[in-house]
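# Architecture at a glance
Okay, here's what each chain looks like letter by letter:
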Amino acid sequence: MYRHFGEVDAAGTSPLYERVAVALSESDEALRAIRTAPARKRHPMLILAALHDLALAGRAPALAAAYASADGDAAADAAIDTLLRMTDPVVAIAARRKTPTGTEETGRSAVLYPAIAEAARRVGAHAVGLIDVGCSAGLNLQVDRVGITYGNGQALGDPSSPVQLSSSVVGDRPLPTRVMPEVVARVGVDLDPVDVTDAEDARWLRACLWPDRLERAARLEAEMALAATAPPLLLRGDPVEVLPDAFARVPADVLPVVTTTWALSRFRVESRLRFLHRLDEAAAGRAVAWVSAEGVGVAPTVPTLGDRRASGHSIIGLVVFDRSAARSEALGRCWSRGRLLAWLADS
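Read on for a plain summary of the structure. (Residues numbered from 1 in each chain as written. Predicted model: local features only at pLDDT ≥ 70, side-chain atom pairs only at ≥ 80, totals over all residues. Heavy atoms only, no water.)

A few words now on the nonpolar core. Judged by nonpolar contacts, the single largest core of 40 residues is most densely connected at Ile 116, Leu 130, Tyr 150, Val 257, Val 291 and Leu 341. It is helix α8 (residues 107-123) that provides the largest number of residues to this core, a total of eight residues. Setting aside residues up to four positions removed in sequence, Ile 116 forms contacts with Leu 130, Val 143, Met 180, Val 257, Thr 259 and Val 291. (Core = buried A, V, L, I, M, F, W, Y, C linked by side-chain atoms within 4.5 Å. Buried < 20%, exposed > 50% of the residue type's maximum accessible area, 1.4 Å probe, protein only. Helix = DSSP H or I, 4+ residues; strand = E, 2+ residues; numbered from the N terminus. Contact = heavy atoms within 4.5 Å.)

Rendered as C-alpha cells:
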C-alpha cells in the first residue's frame, strides 16, 4: 500500500511524499510501527499527515527541516526516525483524526456556485441557507465569498476575494452567470468536523496537505482566514441523523440548499436512501434544494445521462423538493473534483 502510494499516487505530484512513502514501504521497522495503529488507520495519507502534524507542532524538527528544504532523502530518513521514536504519538493522532475531504481541491466551489444559483432561480428564492454534508472544515460554505474564473472567460463570485479559484469549461454551453442570492445561514454536518478557528484543528488541516505543494498551502491559509471571518455552525454526528437539526437552523422564509460533494460514496446505499428521505421530510413545509457533485450513479434519483458507473467523472445534480413533488436533473458533468466541468442544463 505504501509503495503504491509513493510510486503511483504521489508520483509526479509530490516528490517528497513519493520518496517518503517508498522508504516507509522498504523499512520493516517502520511497517511494524504502522501496524500498531488500528487497521483502518494505517492508510499512508493518515500516517503521513500525523507525521506532518508533529513536524508543524515543533515536535519533529528534523522532519520539519527536511520538508522545508524539499530534501527527499533527508525527509525519508527523518520520517522513519520520527515514526520509530514517536510511534505512540503518531498512532494516537491517526486514531483520533481523519483526513478531511473538503480540502482536497477547491474546484468544488466552481461547481457549487452556478448550481446553487440555479437552484435559487428555480424556486424563486431571494436568500439561501447552505447545509454542507460531509463538510470537514466547512470551506465549501464560503462558496459565495470566493472569486471563480473559468477557462472560457466567465467569472462568478467576488473578484476582490482573497481566495481566487479557477476551473476549465468544456463544451459549447456557457455557465449561467446569475449571482447567488444572499446566504443567511451556513451549517456544516460531519461525523468529525474541523473548526478552522481552533489552533489544533487548523494545524491538522495544514498537516493533511502534502508539504511540497506550496501553492495549495498558501490557498488553504487564505481559505481558512476567510472562513474564520464568518465561521459556519458545525454539527457533529451521523449526517442523516443530524440533518433535521441543520434544517431547523435555516429561517423558515429562506431556501435550504443541501450540498454534497463526493460525500455520498462513503454512505452505504441504505443511508443514501435515508438521506433522501430526510430531504423529503424537510420539504413538507417548504421547498428544499439539494445540489450534488457525486460519481455516476451515487446520488439517488439524479439522472446519470446514460454514463457508466466508475467512468472517471461525476454528475452535477440538482433535486428540488417542493412539498409533494421532487424534480431531479443533471446540470452537467465534472472531472478532477471540479477543476474541469461541462454545463448541460438550460438556464
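Continuing now.
Moving on, we get to the sheet that holds strand β3 (residues 155-157). Strand pairs in the sheet, formed through backbone hydrogen bonds, run parallel or antiparallel to each other. The sheet built from 11 strands is open, its strands ordered β3-β2-β4-β11-β10-β9-β8-β7-β1-β5-β6 with mixed pairing. Looking at which strands have only one partner, the edges of the open sheet turn out to be β3 and β6 (233-236). Within the sheet, the average angular offset between the axes of one strand and its neighbour, ignoring direction, is 25 degrees. Direction of pairing for strand β1 (residues 127-133) relative to strand β5 (residues 182-190): parallel, over a ladder of seven bridges. Bridge pairing in β5 links Leu 130 to Arg 186. Sheet contacts for helix α11 (residues 239-248): β1, β5, β6, β7 (255-261) and β8 (288-295); angle to β1, the most-contacted strand, approximately 160 degrees. Sheet contacts for helix α12 (residues 269-282): β1, β7, β8 and β9 (314-322); angle to β8, the most-contacted strand, approximately 160 degrees. (Pairing = 2+ DSSP bridges. Axes fitted to C-alpha atoms, helices over the stretch in contact; angles between N-to-C directions.)

It is worth spelling out the packing of helix α5 (residues 61-69) against helix α6 (residues 72-85) at this point. The geometry of α5 relative to α6 is characterised by a closest axis approach of 8 Å and an angle of 160 degrees between their N-to-C directions. With respect to α6, the axis of α5 lies roughly antiparallel. The chirality of how α5 crosses α6 is left-handed. In contact with Ala 62, Leu 63, Ala 66 and Tyr 67 of α5, α6 contributes Ala 74, Ala 75, Ala 78, Ala 79 and Thr 82. Residues belonging to the contact of α5 with α6 are distributed by class as follows: eight nonpolar, one polar and no charged. (Parallel < 35°, antiparallel > 145°, perpendicular 65-115°, else oblique. Left-handed = near helix turned anticlockwise from the far one by under 90°. Nonpolar A, V, L, I, M, F, W, Y, C, P; charged D, E, K, R; others polar.)

By the definition in use, this model includes two cavities of 30 Å³ or more. Roughly 40 Å³ of volume is contained in the second largest cavity. Forming the walls of the second largest cavity are Ser 292, Glu 294, Gly 295, Gly 297, Val 298, Ala 299, Val 302, Pro 303, Thr 304 and Ile 315. With three residues, β8 is the single largest residue contributor to the lining of the second largest cavity. Of the residues that constitute the lining of the second largest cavity, the class distribution is five nonpolar, four polar and one charged. (1 Å grid on protein atoms, 1.4 Å probe; cavity = no way out; pocket = protein on both sides within 12 Å on 5 of 7 lines; lining within 4 Å. Points joined across faces, edges and corners; volume = space filled by probe spheres on them.)

Positive phi is not limited to glycine here, since Thr 301 has a value of about 75 degrees. Looking at where Thr 301 falls in the secondary structure, it is placed in the loop between β8 and β9. Located in the positive-phi region is Arg 337, a residue other than glycine, with phi close to 55 degrees. Here Arg 337 shows up in the loop between β10 (325-335) and β11 (340-343).

This structure, assessed with the given rule, holds 22 salt bridges. In this structure, the salt-bridge partner of Arg 203 is Asp 53, at a minimum N-O distance of 3.1 Å. Of this pair, Arg 203 sits in helix α9 (residues 199-207) while Asp 53 sits in helix α4 (residues 44-56), and the two are 150 residues apart along the sequence. Here Arg 203 falls in the partly exposed class, since its relative accessible area comes to 23%. Between Asp 201 and Arg 97 there is a salt bridge, with the nearest N and O atoms lying 2.9 Å from each other. With Asp 201 in helix α9 and Arg 97 in the loop between α7 (87-96) and α8, this pair connects stretches of sequence that are 104 residues apart. The exposure class assigned to Asp 201 is buried, which follows from its relative accessible area of 13%. When its relative accessible area of 7% is taken as the criterion, Arg 97 is described as buried. Each of Glu 118, Arg 121, Arg 122, Arg 178 and Glu 329 takes part in one network of salt bridges that share partners. (Salt bridge = Lys/Arg side-chain N within 4 Å of Asp/Glu carboxyl O.)

On inspection of all chains with the given rule, the structure shows four aromatic pairs. Ring centres of Phe 5 and Trp 210 lie 5.7 Å apart, and the angle between their planes is 70 degrees; on these two criteria the pair is classed as edge-to-face. Linking Phe 5 in helix α1 (residues 2-9) with Trp 210 in the loop between α9 and α10 (214-229), this pair joins segments that are 205 residues apart in sequence. Pair check on accessibility: Phe 5 and Trp 210 agree, each one buried. Both rings, one in Tyr 17 and one in Tyr 67, keep their centres 6.1 Å apart while their planes meet at 70 degrees; by these two values the pair is edge-to-face. On the criterion of sequence distance, the pair formed by Tyr 17 in helix α2 (residues 15-25) and Tyr 67 in helix α5 is long-range, its members being 50 residues apart. (Phe/Tyr/Trp six-rings, centres within 6.5 Å; stacked < 30°, edge-to-face > 60°.)

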